[in-house]
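# Geometric and topological summary
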Amino acid sequence: MQTPFQLPVIARRSMRLIACGLMLSGLLACGYKGPLYMPPPEDPPTTLTTPPGHDAPPGPSTR
């Protein structure tokens, strides 16, 4: 019975270094998505900014 094929020590070490480098670079790149900022507030609708005119219903009559 033969032993299973094993990679040389240098190949295993280089694969570990490459895997660790990829994992580390992936973790470091998580925060580099650009600055975070709130969008500017929207203008309120004009119906809320204009005062009510004479469109109010008439009050009780004094006659």
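Residues numbered from 1 in each chain as written. Predicted model: local features only at pLDDT ≥ 70, side-chain atom pairs only at ≥ 80, totals over all residues. Heavy atoms only, no water.

## Things to note about the overall build of the chain
Within the chain, the regular secondary structure consists of two helices and zero strands. Scored against the burial criterion, the 63 residues of the chain give a buried share of 0%. Looking at the chain as shown, the accessible area adds up to about 7100 Å², and 67% of this sits on carbon and sulfur atoms. (Helix = DSSP H or I, 4+ residues; strand = E, 2+ residues; numbered from the N terminus. Buried < 20%, exposed > 50% of the residue type's maximum accessible area, 1.4 Å probe, protein only. Areas by Shrake-Rupley, 256 points an atom, 1.4 Å probe, with all protein chains shown as cover.)

## Remarks on a nonpolar patch on the surface
Residues Phe-5, Leu-7 and Met-15 make up a contiguous nonpolar surface patch of about 350 Å² in total accessible area. With respect to the helices, strands and loops of the structure, Met-15 is situated in helix H1 (residues 9–29). The exposure class assigned to Met-15 is partly exposed, which follows from its relative accessible area of 46%. (Patch = residues over 30% accessible without salt bridge, like charges linked within 9 Å, V, L, I, M, F, W, Y side chains within 5 Å. Salt bridge = Lys/Arg side-chain N within 4 Å of Asp/Glu carboxyl O.)

Fair warning: the whole summary comes from geometry, so function is off the table for now.
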